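# Chains, contacts and geometry: an overview
As a plain string of letters, each chain reads:
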Amino acid sequence: MSSAVVDRSPERDLAFDMARRSLWVFPAWVVASGFIWGMGGALSSALGYVLVIGNLAAAAVLMAWGARTSPVALMGATLGGFIVRLAVLAGIVLGASQLSFFEPVPLAITIVASHLGLLAWEIRYVSLRLAAPGLDLQRPGKEQK
Amino acid sequence: MDLLAQADTAVDGLKALGAGLGYGLAAIGPGVGIGLVVGNAITAMARQPESAGMVRTTMFLGIAFTEALALIGFVVFILLNFT
């Protein structure tokens, strides 16, 4: 693979761009959860958000490392990373369930809604041109980074 | 009274069993899907190295969408176990 292309990391760009964009929506959702489910709901929503962003960022970092290393490493990092990330998510939630603030419903809603919502939103900013893969920074009418 | 307590314990046990099985089963499909996505992405990058950036962008989004299925299984696990 051409090193000039591989050295760029579109996965990392996408994941961190999603995290940046979610900062606008996240506080509003935490406040709304606080109104609906109380302090426990707000904290559980915050935990769900951290899990989703952490999961995406971990996937991106692992894939970027795998792509830099070799195709075999990419396959291993992606599939192995999938299993490890699911286990870590389950471990964190099982640990958090012992805490007094834990509320399963806002946590569940936050995990599914933020994962799918962030991905769907990010698709608007993705470029699939050969010359400029990854984030579309030059698209007219879109914000410039 | 004893019988009711035993029934409660059995229901709790079955819920935990269902949650664990559901999470495990929900992870199988995305695992297969991610394997297909990555395998085909590697083939595409090997055939046309100059398109690696574009392929990796598509691959990351494909994997993230596929993983949403596993996360839905995870959410079912949370709801069955803790509500």
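The shown structure was predicted, so the numbers you read here are calculated from the model rather than taken from an experiment. (Residues numbered from 1 in each chain as written. Chains lettered and ligands numbered in written order. Predicted model: local features only at pLDDT ≥ 70, side-chain atom pairs only at ≥ 80, totals over all residues. Heavy atoms only, no water.)

## Structural notes on the overall build of chain B
Cut-off, in case you're wondering: Comment: elements are numbered from the N terminus, with helices defined as DSSP H or I runs of at least four residues and strands as E runs of at least two. Two things to know: the radius of gyration comes from C-alpha atoms, and the globule rule equals 2.2 Å times the number of residues to the power 0.38. For the exposure calls, accessible area comes from a 1.4 Å probe over protein chains only, and a residue counts as buried if that area is under 20% of its type's maximum, exposed if over 50%, partly exposed in between. Contacts between residues were defined by any pair of non-hydrogen atoms, one from each residue, lying within 4.5 Å. Residue exposure ignores everything except the shown protein chains as possible cover, and the areas themselves are Shrake-Rupley values with a 1.4 Å probe.
Of regular secondary structure, chain B possesses two helices and zero strands. On C-alpha atoms alone, chain B measures out to a radius of gyration of 20 Å, which is more than a quarter above the 12 Å that the 2.2 N^0.38 rule sets for 83 residues. Taken over the C-alpha atoms alone, chain B extends approximately 70 × 15 × 10 Å along its principal axes. Within chain B, buried positions represent 40% of all 83 residues. The long-range share in chain B, meaning contacts at least 24 apart out of those at least 6 apart in sequence, stands at 73%. Accessible surface computed for chain B: about 4,200 Å², of which carbon and sulfur atoms make up 72%.

## Brief notes about the environment of A:Ile123
Mapped onto the elements, A:Ile123 comes out in the loop between α5 (104–122) and β1 (126–128). Note on A:Ile123: relative accessible area 42%, which makes it partly exposed. The spacing of A:Ile123 and A:Leu135 is 12 residues in sequence and 9.2 Å in space, taken between C-alpha atoms. Filtering out sequence-adjacent residues up to four positions away, A:Ile123 remains in contact with B:Leu61 and B:Phe65.

## Digging into the interface of chain A and chain B
For clarity, the cut-off: Buried area is understood as the total, over both parts, of accessible area removed when two parts are fitted together, assessed with a 1.4 Å probe. Take a side-chain nitrogen of Lys or Arg and a carboxyl oxygen of Asp or Glu: if they are within 4 Å of each other, that pair is a salt bridge. When residues are sorted by character, Ala, Val, Leu, Ile, Met, Phe, Trp, Tyr, Cys and Pro go into the nonpolar class, Asp, Glu, Lys and Arg into the charged class, and all the rest, Gly among them, into the polar class.
Facing the 50 residues of chain A at the interface are 37 residues of chain B. Interface area for chain A against chain B, summed over the two sides, is near 3,700 Å², with a carbon-plus-sulfur share of 84%. The tally of links from chain A across to chain B stands at two salt bridges. For the salt bridge of B:Arg56 with A:Glu11, the shortest nitrogen-to-oxygen distance reads 2.6 Å. Listed by contribution, the elements that provide at least two residues to the side of chain A that touches chain B are α1 (3–7), α2 (10–37), α3 (39–69), α4 (71–96), α5, β1 and β2 (133–135) of chain A. In terms of residue count, α4(A) provides more of the side of chain A that touches chain B than any other element does, 12 residues in total. In the side of chain A that touches chain B, the residues fall into 38 nonpolar, eight polar and four charged.

## Details of the packing of aromatic side chains
How we decide: In this analysis, rings of Phe, Tyr and Trp, with Trp reduced to its six-membered ring, are considered paired at centre separations within 6.5 Å, and the interplanar angle assigns stacked below 30 degrees, edge-to-face beyond 60, and tilted for intermediate values. Here, a charge over a ring is recorded when the distance from Lys NZ or Arg CZ to the ring centre is within 6 Å and its angle to the ring normal is within 35 degrees.
All told, the structure shown has seven aromatic pairs over all chains when counted by the stated rule. Relative to B:Phe77, the ring of B:Phe74 has its centre 6.1 Å away and its plane inclined at 15 degrees; by these criteria the two rings are stacked. With B:Phe74 and B:Phe77 both in helix α2 (residues 52–82) and three residues apart, the pair spans about one turn of that helix. Judged by relative accessible area, B:Phe77 falls into the buried class, the value being 8%. One residue, A:Arg21, lies across the ring of A:Tyr125, its end atom 3.5 Å from the ring centre. Positioned above the aromatic ring of A:Trp121 is the side chain of A:Arg124, whose terminal nitrogen or guanidinium carbon lies 4.5 Å from the ring centre.

## Things to note about the pattern of salt bridges
Side chains bearing opposite charge may pair, as long as their charged atoms lie close to each other. This model, assessed by the stated rule, comprises five salt bridges over all chains. Linking B:Glu67 and A:Arg85 is a salt bridge whose minimum nitrogen-to-oxygen distance equals 2.7 Å. With B:Glu67 in helix α2 and A:Arg85 in helix α4, the pair connects residues from two separate chains. We classify A:Arg85 as buried; its relative accessible area is 8%. Among the charged side chains, a salt-bridge network with shared partners connects A:Asp17, A:Arg20, A:Arg21 and A:Glu122.

## A few points about the packing of α3(A) against α2(B)
In a packed pair of helices, the relevant descriptors are the angle between the two axes and the axis-to-axis distance. Put simply, the rule reads: Every axis corresponds to a line fitted to the C-alpha atoms, with the helix fit spanning only the stretch in contact, and the corresponding angles, defined between N-to-C directions, vary from 0 to 180 degrees. Each angle gets one of four labels, with under 35 degrees taken as roughly parallel, over 145 as roughly antiparallel, 65 to 115 as roughly perpendicular, and the rest as oblique. In this scheme the crossing of two helices becomes right-handed for a clockwise turn of the near helix relative to the far one and left-handed for an anticlockwise turn of less than a right angle.
Running from N to C, α3(A) and α2(B) cross one another at 140 degrees; their axes reach a closest spacing of 11 Å. The angle between α3(A) and α2(B) falls in the class oblique. Seen from above, α3(A) lies across α2(B) with right-handed handedness. Across the interface between the two elements, A:Asn55, A:Leu56, A:Ala59, A:Ala60, A:Met63, A:Ala64 and A:Ala67 of α3(A) pack against B:Arg56, B:Met59, B:Phe60, B:Ile63, B:Ala64, B:Glu67 and B:Leu71 of α2(B). Here the residues of the contact of α3(A) with α2(B) sort into 11 nonpolar, one polar and two charged.

## Examining the nonpolar core
The test is simple: In plain words, nonpolar cores are sets of buried Ala, Val, Leu, Ile, Met, Phe, Trp, Tyr and Cys residues tied together by side-chain atoms within 4.5 Å.
Residues A:Leu74, A:Leu107, A:Ile111, B:Phe60, B:Phe74 and B:Ile78 are the most contacted members of the largest nonpolar core, which totals 51 residues. Residue assignment for this core shows that the elements contributing at least two residues are α2, α3, α4 and α5 of chain A together with α1 (2–47) and α2 of chain B. Looking at which element gives the most residues to this core, the answer is α2(B), with 13 residues. Beyond its immediate sequence surroundings of up to four residues, B:Phe74 is in contact with A:Leu89, A:Ala90, A:Val93, A:Ile111 and B:Tyr23.

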